[in-house]
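A structural walkthrough
So the chains spell out like this:
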Amino acid sequence: MSSTPLVRARGLTRRALFRGAAASGVAWVLLPGCDAPYPPEDGPAYAPWRFPTDESRPEWLAVGAAILAASPHNTQPWRFAVSPDRVDLFADFDRHLGAMDGLRREMYLGLGCALENLALALAANGVHPAITLLPEGPDDAHIARVDLTADAAAATPDIARLYRAIPDRHTNRNAYAEGAAPAGLAEALEALIDDPRVGLTVLARAADRRRFRAETIAATRAIVDDAEMNRDNHRWFRTTQADIERHRDGPTLDASGNGAATRFFGKMLGDLDAETSGEYWVALTRDQHTTAGAFALLSTAARDDRAEQLVCGRIYQRMHLWATGVGLAMQPLNQLAERMDREQALGLPPRFTEPLVALAGADGPQMLFRVGYPWDAAFASPRRPVGWVAEEVG
Ligand SMILES: Cc1cc2nc3c(=O)[nH]c(=O)nc-3n(C[C@H](O)[C@H](O)[C@H](O)COP(=O)(O)O)c2cc1C
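Since the model is a prediction, treat every value here as computed from it, not as a measurement. Here, residues in each chain are numbered from 1, in the same order as that chain's written sequence. With pLDDT at 70 or above as the cut-off, local features in this predicted model cover only qualifying residues; side-chain atom pairs require 80 or more to be listed or tallied, and sums for whole chains, interfaces and linings still use all residues. Processing note: side-chain calculations cover all non-hydrogen atoms of the structure and skip hydrogens and water entirely.

In this section: the overall build of the protein chain. A run of DSSP states H or I qualifies as a helix once it reaches four residues; a run of E qualifies as a strand once it reaches two. Both are numbered from the N-terminal end. Regarding its fold elements, the protein chain presents 15 helices and 9 strands. Within these notes, the globule rule equals 2.2 Å times the number of residues to the 0.38 power, and the radius of gyration is based on C-alpha atoms. Compactness check: the protein chain gives a C-alpha radius of gyration of 21 Å against a globular reference of 21 Å for 394 residues, within 12% of the reference. The principal-axis extent of the C-alpha atoms belonging to the protein chain is close to 70 × 45 × 40 Å. Partly exposed describes any residue whose relative accessible area lies between the buried limit of under 20% and the exposed limit of over 50%, with all areas from a 1.4 Å probe on protein chains only and scaled to the type maximum. The buried share of the protein chain, taken over its 394 residues, is 56%. In the protein chain, 78% of the contacts between residues at least 6 apart in sequence involve partners at least 24 apart. Note on areas: these come from Shrake-Rupley sampling with a 1.4 Å probe, and a residue is covered only by the protein chains present in the view. As displayed, the protein chain has an accessible area near 16100 Å², and 54% of this comes from carbon and sulfur atoms. Counted as positive: Lys and Arg. Counted as negative: Asp and Glu, with His and the chain ends omitted from the count. Lys charges are placed at NZ, Arg charges at CZ, Asp charges at CG and Glu charges at CD. Looking at the protein chain, you have 42 positive and 51 negative side-chain charges, and the mean spots of the two groups are 6 Å apart. Between two residues, a contact is recorded if the distance between any of their heavy atoms is within 4.5 Å.

Here it is, written out as structure tokens:
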């Protein structure tokens, strides 16, 4: 929504209004032209979260699980071809973050997340998924061929637990308790890694957390100051209910971790410009997103290897499902990795590459996140329904 006539006539900037309103908490009378605030998780964009459905075909139920996976900026860069004995996962290269993911590395991590939910849902429903990654080679949109065979063995308790967490998993951007890391965290996360190419670093000591936090805030500042990255970051934000319903993707105000008053007024005022929105992101990163009991980094041996990115995405998704099941919150915090990609893509000095590699203790950091006890529950993000992204074949 562009500036209302009233806002313009009074010479007020949208940013000043937003700040003043949120800070004072005074009663607000609807300004002419402002949008009506809408409740969180309301409408068809959130319907896919009512999972599992009564769908009796496991392959279609599994696609319903796959679309609930995490993806960078909620881009949902996936398509599915479905038949009773096979599900194929494809990348939708048009759903790309541009300069925010210049190497398309995060896109492949997100596709790995979807593959993990797909495989878990099949295994939990009596189907063995035989997965072939990148059957047409690393550059092709065909990400995975999943052959399905009936599996008489009951799902293990571990698989059942992860599967049950699928509709409850949400990226939580609220403040987390800053005390010690949850007991046994590193061991529990390590136990979820089933591929020797993926390594885990957990930063739980106060000094390590301080360093990760400071570098992440600096990387956020660098992204916001990089006009191309900031523009491509902002492009996916959905502020109005009409936009959420139309696109059913992207980050939203309700998922931002902002308090109730800020979300309320933000919905009324509609879209902010990229610069203002970037400043809010820096402030949220400083005040809220970098609070945590621990930060963690997943790395792989070859950072540019598409198969390793997919495997790493699967493991991240598994970790988030595990955390959800035991009452812990998680949020990816990939600003450092995004700047590392940018430095690689443009041949820039390794301002963020060096500290990130040092923090990870590895050359190939892929997925950075925080874990902890949140002060508030997270809201769900919109999803494009199965009917928009999957077709029946064969
Ligand atoms: C590869 C990847 C990178 C991500 N990076 C970030 C990030 O840096 N900051 C953040 O807040 N969320 C990040 N996310 C989380 C997504 O924004 C989130 O999954 C998406 O908005 C959907 O929301 P949901 O996870 O609650 O379903 C990332 C997710 C993936 C898969």
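Further notes follow.
Trp-78, Phe-80, Leu-118, Ile-143, Leu-298, Met-319 and Phe-369 are the most contacted members of the largest nonpolar core, which has 69 residues in total. No other element matches the 11 residues that helix α4 (residues 105-124) contributes to this core. Those domain boundaries reflect an automatic or database domain assignment. Two domains each donate at least three residues to this core, and these are domain 1 (44-170 + 380-392) and domain 2 (185-372). Filtering out sequence-adjacent residues up to four positions away, Leu-118 remains in contact with Ala-62, Val-63, Ala-66, Val-87 and Val-146. Among the buried residues, those of types Ala, Val, Leu, Ile, Met, Phe, Trp, Tyr and Cys that are joined through side-chain atoms within 4.5 Å form a nonpolar core. Core analysis: the next-biggest nonpolar cluster, separate from the first, contains 18 residues, Ala-219, Ala-292, Leu-356 and Ala-360 among them.

This part is about the site of the ligand. Put simply, a residue is near a molecule or strand once any heavy atom of it comes within 4 Å of that molecule or strand. Thr-171, Arg-173, Gln-331, Asn-334 and Arg-383 are the nearest of the 19 residues found near the ligand. When isolated, the ligand has an accessible area of 620 Å², and the protein chains bury 95% of it. For the shell around the ligand, the elements supplying multiple residues, two or more each, are α4 and β7 (329-332). When residues are grouped by polarity, Ala, Val, Leu, Ile, Met, Phe, Trp, Tyr, Cys and Pro land in nonpolar, Asp, Glu, Lys and Arg in charged, and all others, Gly among them, in polar. Residue classes in the shell around the ligand are distributed as 7 nonpolar, 8 polar and 4 charged.

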